[in-house]
2 protein chains.
Amino acid sequence: MMQPLPGFRDFLPADCTARNYIFSKWREVARRYSFAEWDGPVLEPTELYQKKSGNEIVGQLFNFVDKGEREVALRPELTPTLARVVAAHEREFKKPLKWFSIGQFFRYEKQQRGRLREHFQLNCDIVGETDFSADIELIALCIDILRAFGLTEKDFVVRISDREFWTDFLRQQKLPGERWEEVLQTIDKSEREPREKTAEKLGDLADPILSILQEGGRSEKLDRLVDGLGARDLAQFVDIDVRIVRGLAYYTGTVFEVFDRAGKLRAIAGGGRYDNLIGQLSDGAVSLPALGFAMGDVVLSELIRDRVAAREKMEAAARNEQKIDIYMVIAKEERRADALAQTQEFRENGYRVDYPLTPTKVAKQFQAAEDLGATIAILYGDEWPQVKIKTLATREEKLIDRASLRGSIRELVSV
Amino acid sequence: MMQPLPGFRDFLPADCTARNYIFSKWREVARRYSFAEWDGPVLEPTELYQKKSGNEIVGQLFNFVDKGEREVALRPELTPTLARVVAAHEREFKKPLKWFSIGQFFRYEKQQRGRLREHFQLNCDIVGETDFSADIELIALCIDILRAFGLTEKDFVVRISDREFWTDFLRQQKLPGERWEEVLQTIDKSEREPREKTAEKLGDLADPILSILQEGGRSEKLDRLVDGLGARDLAQFVDIDVRIVRGLAYYTGTVFEVFDRAGKLRAIAGGGRYDNLIGQLSDGAVSLPALGFAMGDVVLSELIRDRVAAREKMEAAARNEQKIDIYMVIAKEERRADALAQTQEFRENGYRVDYPLTPTKVAKQFQAAEDLGATIAILYGDEWPQVKIKTLATREEKLIDRASLRGSIRELVSV
């Protein structure tokens, strides 16, 4: 029997419902923040990623040569596409742009917990605004999205940092600019590596950097960020933490990553400012400051399933998505045509309706009604031209003339 | 400046809104028919398609060898994945399954109008039911989906046929079974090829087949299909047309394709019965009858944009998706903190709210409110602790004490 490829998921109906729940919350909160939805292609020229994303990502691409001899890759992230699209269309839109996107992304890497070869990701970006208010708006959005899932400050924390904190420091230390990226990558990895290894890689800079990492760095800018979130009553969701640098080379200012408070999972979301990327990708034709974050579905799902309140909220939404309104019980086959004509009318009025495709025992039909989560069953049988309506939750039954069926249903089921 | 790959689309916000509209109608009507949503991976082993889909599709695959030396392909269609998933999980579900899926599919082929290298597709399938009632249910669903877009019997027609009509005929003609597929493919192409070429390919069978194609074939089964749709008041949407055979080799019984009545566009949707495919793909482990159809977004969009009523319906839905509820006009920067705290509260209550990230002239802020389709603007200025609420459609203004803001908003904007 054939299997899906390693690292790729099949979404059976229950999985798909969970996925739809996540997508709908993402979309709902992004729209509340007045972000507009957009999307790019899942396949892009490999060059788009080679150009600017740093080496880590390029080694993990699903890339190949297509039948037209083009070097192409399944997208590993959205930001280079955003930069391409914004550079091409920037005159059509007033700035700042507030855009979000929900789509699938791919990396060819070793499978681990919370890390497949595909995942779905929300991307939210603000383009064309240098002001710090945009950083606050973006981080507030990230927090409010997680809160919409029923997650609280006990469940997750946004660790906020600033690349400029480090680049100012490296400038003071008179480190040549071409070595900055290497030092930043070492700081980024320092939490996952032994202290000795980090110290060795940092060389002369080991002492001052390790002491900052240990004592915690602060800056006036980071304090202002936290104050701005505090004005929205969101300060309890953030920690200043200069250990966060982000692996991608294109970040320039504020950077942040979201983790579960318990520290059991990989990052739930991450992002920051990338003020130079659009200019670089358009070879200087269009220069626009920008910032954004991405949140994947895999780690988020793990966290939701791990927290009782969030899990119950998801399960209630799932039941609601999957349930039908009306099951038509055809007790007498002579009534099938009547039941089907009524089914058609109900469906045209927006109700979710099912019925047995073939003659089926009445008890089995009621079981199907239960299994499908139907609110009511309508029995077409000996009572004709009356039908029996059964409310499944209460087991209440009543006989209704078929002519007054529509009005009775409106009282029992809302669409 | 970099471009998207040929045949791949960027979805700017207006395009994405149109796509969301199509997806939401697809989802809504499928749910009314009690179909459950599922999905498979966009990347599958190439073998899954080589095995059963006939040669036409394999030549058009986006296929490559991944870094683990696996032959893989971007999915060109969903049915083989459905067969794989159903065969693997069939014990977990009561039959018949009624499943739908919305996803992206890929073919490497020459670009033409209505034919890109990627498109989105709705797939609806019923698995585990041989009875003809399933064929009627599926075609009714296909029709009702198109009607939900505001399309009528003047806009589209479902051309219904039956492979058994032809296989019965070929059996009568004593044609060896191994030549059937070739004859069926010739009939499938006959509308797009000169009569002489079709005649030449059909050889001895040219005369009888061409006369059936000219006069129109009928069968008792096809008549029953139309009657079943007539009982749902849908007969005006279908024509019996035995020229329809469908290119894919796995179809076994009823087949149908949907076209615009004007005959200007490519097929809008197509499908049929494939009773043997699940058995074949599972090497006989699981044998289940099945039928389904697929509907793509590209040709459907063209038809919607071409028909006034359908286009206006889409545009109204698009405006509704894109609009915000409230724009916060910050006329005095001293009031920014108050406006932002109120923004946070409104958003938490489900309203879509925007405001200027930086100090901006009041006239420009009102323009932004108009551009974003805001229902109301709330002005924070000299009137504090009162604020001015302006309903943008009517230009009506009123002063409200900030304490009673929430109640006033509830009257003006519903979420």
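Residues numbered from 1 in each chain as written. Chains lettered and ligands numbered in written order. Predicted model: local features only at pLDDT ≥ 70, side-chain atom pairs only at ≥ 80, totals over all residues.

## With respect to the overall build of chain A
Piece 1. Across its full length, chain A carries 16 helices and 16 strands.
Piece 2. Here the C-alpha radius of gyration of chain A, 27 Å, is well above what a compact globule of 415 residues would show, namely 22 Å.
Piece 3. Overall, chain A is about 90 × 55 × 50 Å in size when its C-alpha atoms are taken along their principal axes.
Piece 4. For chain A, the proportion of its 415 residues judged to be buried stands at 43%.
Piece 5. Summarising the internal contacts of chain A: among those between residues at least 6 apart in sequence, 67% fall at separations of at least 24. (Helix = DSSP H or I, 4+ residues; strand = E, 2+ residues; numbered from the N terminus. Rg over C-alpha atoms; globule rule 2.2 N^0.38 Å. Buried ≥ 20, exposed ≤ 12 C-beta atoms within 10 Å, placed from the backbone. Contact = placed C-beta atoms within 7 Å.)

## Structural notes on the sheet that holds strand β11 (residues 290-296) of chain B
Neighbouring strands of a sheet are bound in pairs by backbone hydrogen bonds; such pairs are parallel or else antiparallel.
Residues and elements named next belong to chain B.
Piece 1. Pairing is mixed across the open sheet formed by eight strands, whose spatial order is β1-β5-β6-β11-β10-β9-β7-β8. Only two strands of the sheet have a single partner each, and these edge strands are β1 (36-37) and β8 (238-240).
Piece 2. With seven bridges connecting them, strand β6 (residues 118-127) and β11 associate as antiparallel partners. Paired with N123 across the bridge in β11 is A294. (Pairing = 2+ DSSP bridges.)

## Quick word on the relation of the copies chain A and chain B
Piece 1. Of the two same-sequence chains, chain A is brought onto chain B (RMSD 0.1 Å, axial shift 0.0 Å) by a rotation of 180°. Such values leave the two copies arranged in the relation of a two-fold axis. Taking C-alpha positions as the reference, the residue of chain A nearest the rotation axis is F64 of chain A, at 3.2 Å.
Piece 2. By residue overlap, the copies meet face to face through one surface: 100% of the interface positions of chain A are interface positions in chain B. (Least-squares fit on C-alpha atoms with pLDDT ≥ 70 in both.)

## Focus on the domain arrangement of chain A
How big an interface is tends to be reported as the loss of accessible area on association of its parts.
Piece 1. Segmentation of chain A into domains returns domain 1 (13-317) and domain 2 (324-412).
Piece 2. Spacing between the C-alpha centres of domain 1 of chain A and domain 2 of chain A amounts to 50 Å. (Domains from an automatic or database assignment.)

## Describing the interface of chain A and chain B
Piece 1. Contact with chain A, which involves 71 residues of that partner, is made by 71 residues of chain B.
Piece 2. Per-class residue counts for the side of chain A that touches chain B are 37 nonpolar, eleven polar and 23 charged. (Nonpolar A, V, L, I, M, F, W, Y, C, P; charged D, E, K, R; others polar.)

## Things to note about the pairing of β6 of chain B
All names here are of chain B.
Piece 1. For β6, a buried count of nine out of ten residues is recorded, marking the element as mostly surrounded by other parts of the structure.
Piece 2. Where strand β5 (residues 97-106) lies against β6, ten bridges are found, and the strand directions are antiparallel. Note on β6: the bridge partner recorded for I102 is L122.

## Details of the environment of P208 of chain A
All names here are of chain A.
Piece 1. With respect to the helices, strands and loops of the structure, P208 is situated in helix α9 (residues 206-215).
Piece 2. A tally of 13 C-beta atoms within 10 Å means that P208 is categorised as partly exposed.
Piece 3. With 39 residues separating them in the primary sequence, P208 and F169 have C-alpha atoms 9.7 Å apart.

## Considering the sheet that holds strand β10 (residues 269-273) of chain A
All names here are of chain A.
Piece 1. Judged by pairing direction, the sheet is mixed, and its eight strands sit side by side in the order β1-β5-β6-β11-β10-β9-β7-β8 without closing on themselves. The open sheet has two edge strands with one neighbour each: β1 (36-37) and β8 (238-240).
Piece 2. The sheet strands contacting helix α12 (residues 297-306) are β6 (118-127), β9 (254-260) and β11 (290-296), and the helix crosses β11 at an angle near 55°. (Axes fitted to C-alpha atoms, helices over the stretch in contact; angles between N-to-C directions.)

## A look at helix α12 (residues 297-306) of chain B
One full turn of an α-helix is made of 3.6 residues, so residues set three or four places apart face in the same direction.
Piece 1. Within the span of α12 of chain B, buried status applies to D297, V299, L300, S301, L303 and I304 of chain B.
Piece 2. Buried residues along α12 of chain B sit in contact with α1 (13-32), β6, β7 (156-162), β9 (254-260), β11 and α13 (308-322) of chain B.

## Quick look at the pairing of strand β3 (residues 62-65) of chain A
All names here are of chain A.
Piece 1. Examined bridge by bridge, β3 and strand β4 (residues 71-74) share four bridges and lie antiparallel to one another. Directly across from V65, in β4, lies its bridge partner E71.
Piece 2. Connecting the antiparallel pair β3 and β4 is a turn made up of five residues, with E69 showing a positive phi of about 65°.

## Considering unusual backbone geometry
Piece 1. Backbone torsion omega between K95 of chain B and P96 of chain B reads -5°, so that peptide bond is classified as cis.
Piece 2. Within the secondary structure, P96 of chain B sits in the loop between α4 (79-89) and β5.
Piece 3. Geometrically, the link from W384 of chain B to P385 of chain B is a cis peptide bond, its omega value of 5° lying close to zero.
Piece 4. Locating P385 of chain B in the fold gives a position in the loop between β14 (376-380) and β15 (386-391).
Piece 5. The phi dihedral of S34 of chain A falls on the positive side, at around 65°, and the residue is not glycine.
Piece 6. Within the element layout of this structure, S34 of chain A appears in the loop between α1 (13-32) and β1.

## Details of the packing of helix α6 (residues 163-172) of chain A against helix α7 (residues 180-189) of chain A
When two helices pack together, their arrangement is given by the angle between their axes and by how far apart the axes lie.
Residue and element names in this part refer to chain A.
Piece 1. The contact between α6 and α7 brings their axes to 11 Å, and the two run at 125°. The orientation of α6 relative to α7 falls into the category oblique. Helix-helix and strand crossings are classified by hand; for α6 and α7 the assignment is right-handed. Facing α6, whose interface residues are R163, W166, T167 and L170, α7 presents W180, V183, L184 and I187. (Parallel < 35°, antiparallel > 145°, perpendicular 65-115°, else oblique. Left-handed = near helix turned anticlockwise from the far one by under 90°.)

## Section: the environment of E383 of chain B
Residue and element names in this part refer to chain B.
Piece 1. On the secondary structure map, E383 appears in the loop between β14 and β15.
Piece 2. By C-beta crowding, E383 is classed as partly exposed, having 16 other C-beta atoms within 10 Å.
Piece 3. Separated by 17 residues in sequence, E383 and I400 have C-alpha atoms that sit 9.4 Å apart.
Piece 4. The contacts of E383, once residues within four sequence positions are left out, are K388 and L399.

## Some remarks on the packing of α1 of chain A against α12 of chain A
Residue and element names in this part refer to chain A.
Piece 1. For the pair α1 and α12, interaxial distance at closest approach is 11 Å and the crossing angle is 100°. Comparing their axes, α12 and α1 come out roughly perpendicular. On the side of α1, the interface is formed by A18, R19 and I22, while α12 contributes D297, L300 and S301.
Piece 2. Looking at side-chain class alone, the contact of α1 with α12 contains three nonpolar, one polar and two charged residues.

## Observations regarding the environment of V329 of chain A
Piece 1. Considering the arrangement of structural elements, one finds V329 of chain A in strand β12 (residues 326-330).
Piece 2. For V329 of chain A, the residues in contact, after removing those within four places along its chain, are V362, Q365, F366, A369, A377, I378, L379 and Y380 of chain A.

## What to know about the confidence of the model for chain A
Piece 1. On average, residues of chain A carry a pLDDT of 93, and 98% of them reach 70 or more.
Piece 2. We note a pTM of 0.95 for the whole complex and an ipTM of 0.95 for its interfaces. (pLDDT = per-residue confidence, 0-100.)

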